[in-house]
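As a plain string of letters, each chain reads:
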Amino acid sequence: SQSPAQLVNALLNDGSGNQWGLVAGETVSFDSIGGVPANDNSLVFAAAMNYISTSGKALTGDGQTYGLTGSNEIKANCSMRNIRFEQQDPLASTSIRTLTSSYVDNIKIDKVFVYMGSEVAAGLLADGFAGVYIVGGKGHEIIDLEVTGNGNGHGLTIIGATDFQLVRPYIHDIAYSKVVTDDTLEGIRLQSCTDFQVYMPEVKNLHGDFGMGDTTRYTRGIAITGCERYSLGMIDISDVDQGLDQSGNIGNGNLNFTISGGNVSNCFTWGTKFASSSSNGTVSNIIASNCGYGGFVCSGGTLIGDVTTSDIDFIGCKAVDTGSNGEWAVNNPSGFLILSGSGDAFRPHGIKYTSCKAIDKQLVKTMVTGFKNQVAPQSEKLNECFNCESVGHITAAFEGIHFNSLYAYNGADQAIPSSTSTSLNFSVASLDPTSMLNGTLITPKKAGTYRIEAKVSFEANATGIRSIELRKTGSPISRSNPEISAPAAGKTYLTTSAIVEMVIGDYIEVQAR
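Keep in mind that this is a model prediction, so the values were computed, not measured.

Undergrad: Honestly, the overall build of the protein in this entry has me stumped. Any pointers?
TA: In terms of regular secondary structure, the protein is built from 2 helices and 41 strands. A compact globule built from 513 residues should have a C-alpha radius of gyration of about 24 Å, whereas the protein, at 31 Å, is more than 25% larger. Counting only C-alpha atoms, the protein reaches 120 × 45 × 35 Å along its principal axes. For the protein, long-range pairs separated by at least 24 residues make up 73% of all intrachain contacts whose partners lie at least 6 apart in sequence. With the model as given, the accessible surface of the protein reaches about 21,200 Å², and the carbon-plus-sulfur share is 49%. Across the protein, the 34 positively charged side chains and the 49 negatively charged ones have centroids separated by 9 Å.

Undergrad: Looking at this model, I keep getting lost on the pattern of salt bridges. Mind explaining?
TA: One side chain can pair with another of opposite charge once the charged atoms of both are near each other. Under the criterion given, the structure shown has 20 salt bridges. When the shortest N-O distance is used, the salt bridge between Arg229 and Asp195 registers 2.8 Å. Pair noted here: Arg229 is in strand S18 (residues 228–247) and Asp195 is in strand S15 (residues 194–199), with a separation of 34 residues, a long-range link. Ionic pairing is found between Asp321 and Lys361, a salt bridge with its closest N-O pair at 3.1 Å. Note that Asp321 is positioned in the loop between strand S23 (318–320) and strand S24 (334–339) and Lys361 in the loop between strand S26 (357–359) and strand S27 (369–373), a separation of 40 residues in sequence. Of the residues examined, Asp321 reaches a relative accessible area of 5% and is grouped as buried.

Undergrad: Would you mind going over the side chain of His349 with me for this structure?
TA: One can find His349 in strand S25 (residues 349–354). Non-local contacts of His349, meaning those with residues more than four positions away in its chain, are made with Thr309, Ser310, Asp311, Gln378, Lys381, Leu382 and Asn383.

Undergrad: Is there a simple way to explain unusual backbone geometry in this structure?
TA: Most of the time, phi is negative for any residue but glycine, and the peptide bond is trans. One non-glycine residue, Asn106, adopts positive backbone phi at about 60 degrees. Positionally, Asn106 belongs in the loop between strand S6 (97–102) and strand S7 (108–115). Using a relative accessible area of 29% as the deciding quantity, one classes Asn106 as partly exposed. Of note, the phi angle at Asn285 is positive, near 55 degrees, even though the residue is not glycine. In this fold, Asn285 is placed in strand S20 (residues 278–289).

Undergrad: So what exactly am I meant to see when it comes to the nonpolar core here?
TA: Most often, soluble globular proteins have nonpolar side chains that are buried together. The biggest cluster of nonpolar side chains holds 86 residues, and the ones touching the most others in it are Met80, Leu99, Phe314 and Tyr353. Each residue touching Met80, except ones within four places of it in the same chain, is listed here: Phe45, Met49, Leu59, Ile74, Phe85, Leu99, Lys108, Ile109, Asp110 and Val112. Within the second largest apolar cluster, 20 residues are counted, among which are Met436, Tyr450, Ala454 and Ile508.

Undergrad: What is the right way to look at the environment of Asp344 in this model?
TA: By the secondary structure assignment, Asp344 is in the loop between S24 and S25. Along the sequence, Asp344 and Gly301 sit 43 residues apart, while their C-alpha atoms lie 7.3 Å from each other.

Undergrad: Quick question: what am I supposed to make of the packing of aromatic side chains here?
TA: Here a ring pair, both rings aromatic, is described through the centre-centre distance and the interplanar angle of the planes. One pass over the structure, following the stated rule, counts 19 aromatic pairs. Consider the rings of Phe30 and Tyr66, whose centres lie 4.7 Å apart with planes at 80 degrees: the pair is edge-to-face. With a gap of 36 residues between them, Phe30 in the loop between strand S1 (27–29) and helix H2 (42–55) and Tyr66 in strand S3 (residues 65–68) connect regions that are remote in the sequence. Summarising the aromatic geometry, the rings of Phe45 and Phe85 are spaced 5.5 Å apart at their centres and angled 90 degrees between planes, so their arrangement reads as edge-to-face. In this pair, Phe45 is assigned in helix H2 and Phe85 in strand S5 (residues 79–87), connecting sequence segments 40 residues apart.

Undergrad: Honestly, the layout of surface pockets in this entry has me stumped. Any pointers?
TA: Take a probe with the size of a water molecule and roll it over the atoms, and the empty space left behind shows itself. The computed volume of the largest pocket comes to approximately 1,300 Å³. Leu424, Lys455, Val456, Ser457 and Val510 are the residues nearest the centre of the largest pocket, which is lined by 40 residues in total. Among the secondary structure elements, those contributing two or more residues to the lining of the largest pocket are strand S31 (407–409), strand S36 (448–458), strand S37 (465–472) and strand S41 (508–512). Looking at which element gives the most residues to the lining of the largest pocket, the answer is S36, with 9 residues. Its residues placed into classes, the lining of the largest pocket shows 21 nonpolar, 11 polar and 8 charged.

Undergrad: In this structure, what is going on with the state of the cysteines? I would like to understand it.
TA: Two cysteines, two sulfur atoms, one covalent bond between them: this is a disulfide. Counting across every chain of the model gives 0 disulfides. Summary of cysteine pairing: Cys267 is not part of a disulfide, and the nearest cysteine sulfur, belonging to Cys291, is at 4.2 Å. Assessed through its relative accessible area of 1%, Cys267 is described here as buried. Looking at the unpaired Cys385, the closest cysteine sulfur is the one in Cys388, lying at 4.3 Å.

Undergrad: Can you help me understand H2 in this one?
TA: Residues spaced three or four apart along an α-helix face the same direction, because each turn holds 3.6 residues. Between its first and last C-alpha atoms H2 spans 20 Å; for 14 residues at 1.5 Å apiece the expected length is 20 Å, and the two agree. Among all positions in H2, only Ser42, Val44, Phe45, Ala47, Ala48, Met49, Tyr51, Ile52 and Ser53 are buried. Phi turns positive one or two residues past the end of H2, at Gly56, with a value near 80 degrees.

Undergrad: For this particular structure, what's the right way to read the pairing of S20?
TA: Along a regular strand, successive side chains alternate from one face of the sheet to the other. Relative to S20, strand S19 (residues 254–275) is paired through 10 bridges, and the arrangement is parallel. Bridging from a neighbouring strand, Thr258 pairs with Thr282 of S20. Bridge count between S20 and strand S22 (residues 310–315): 5 bridges; the pairing is parallel. Paired with Ser284 across the strands is Ile315, a residue of S22.

Undergrad: Can you walk me through the side chain of Asn383 in this structure?
TA: By the element assignment, Asn383 lies in the loop between S27 and strand S28 (384–386). Separated by 3.2 Å, the side chains of Asn383 and Asn373 make a polar contact. Those residues in contact with Asn383, other than ones at most four positions away along the chain, are Ile338, Pro348, His349, Gly350, Ile351, Asn373, Val375, Ile401 and His402.

Procedures and definitions
- Residues numbered from 1 in each chain as written.
- Predicted model: local features only at pLDDT ≥ 70, side-chain atom pairs only at ≥ 80, totals over all residues.
- Heavy atoms only, no water.
- Helix = DSSP H or I, 4+ residues; strand = E, 2+ residues; numbered from the N terminus.
- Rg over C-alpha atoms; globule rule 2.2 N^0.38 Å.
- Contact = heavy atoms within 4.5 Å.
- Areas by Shrake-Rupley, 256 points an atom, 1.4 Å probe, with all protein chains shown as cover.
- Lys, Arg positive; Asp, Glu negative; His and termini not counted.
- Charge placed at Lys NZ, Arg CZ, Asp CG, Glu CD.
- Salt bridge = Lys/Arg side-chain N within 4 Å of Asp/Glu carboxyl O.
- Buried < 20%, exposed > 50% of the residue type's maximum accessible area, 1.4 Å probe, protein only.
- Core = buried A, V, L, I, M, F, W, Y, C linked by side-chain atoms within 4.5 Å.
- Phe/Tyr/Trp six-rings, centres within 6.5 Å; stacked < 30°, edge-to-face > 60°.
- 1 Å grid on protein atoms, 1.4 Å probe; cavity = no way out; pocket = protein on both sides within 12 Å on 5 of 7 lines; lining within 4 Å.
- Points joined across faces, edges and corners; volume = space filled by probe spheres on them.
- Nonpolar A, V, L, I, M, F, W, Y, C, P; charged D, E, K, R; others polar.
- Disulfide = S-S within 2.5 Å.
- Expected span 1.5 Å × (residues − 1).
- Pairing = 2+ DSSP bridges.
- Polar contact = N/O pair within 3.5 Å; in protein donor to acceptor, adjacent residues only side chain to side chain.

Rendered as structure tokens:
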């Protein structure tokens, strides 16, 4: 007279050894212990979790689809393989999480499929509505997880976990319908996690209708906030608003990360975004194509002194056909963009592009600038390009980038007293992106090795000797002081150069005598 769920609870809890012929071996089949495809199996699932958490067996569904209702708790040390779940009542609550866990260790998920339901009005992102929602724990292994369906929330969320691996997650074709202002649907959210690896994540086609027709606005492919010591490899994100969004704030930034390889495409606004607080990272070999406002953007915080975006190396990345959707034309789309924080004009800083390329190969160009920086230079922390290229831009290849170089001259003659070494004034800088020039002094903003060249002309005067000299921080630079006897007619020209090591606080002067 017992229901299948009651029977399973009894079998799994009473220790009747002669019953376990159904679940012999390393796995326990979901249907063999009471699961019925397409029915509500929430009670069976709970009983199965209690058993496999202590037995060491893995729950398997042989690829069949089983219905679940509400939020279903995964226990510690539980393993699931080759099983499909479908949410039966997504409208029951705005915080439904078809599969969820809370502060347990060693969850193993392998080839699990989760369908969140067909209701576009289901759930709220702020309430944590999700297909899979994991809080805390360590040692998780999630491999080949697939989540789809509809609702306003997340496909997969992991919060506060450590030492886990996420391999080939596939989050796709999710629609929302709430009236929103920002971030209503996220494919994958990683929050306050440490020491983890994500490999080959795929997020595609997140969209919705908030009263203005179907759009990808207010969706994020992969959102990362407050995480430390992690890596992402071979990402594949397309047809969302913001592809890879690394955002944070005071005490909740992203630190010490590596992102390598992959594609981000057809993003309404940003391809990759490092906003407010992401630092000490490397981003390499990522291609961002057909992104509306920018392929790669770094932006600062809102408070003066805020822990903000800094010290990120972009290596071998490409931005292709930025601005092609036409939605951000008035904002002058850029392949690579650095935006200053509203609270501090000197941040982000320490952003370095090496061997990166911005390309617009369209017949009608939409990328206004290849590499654009709106942040003022600061000592040591410059935003620089090395061996970078822009092709097909409308206005400029580089704008505001802190090339650590200077070309300056004096726009008027300067009198040099007889027999007196005099520092020359430079009144015009035709190139000085890091603001090194200060009257007679040239002060680099970054320590390093510098090549210095100077050329001085003297008016005709047949009397005496003419000489020039380079000086570093008040001291002569060896072998930089040529001299010549003044000719009776015509100007005298002297040229000198030197290669010097400089640290912050050093300065260069050119003196004539």
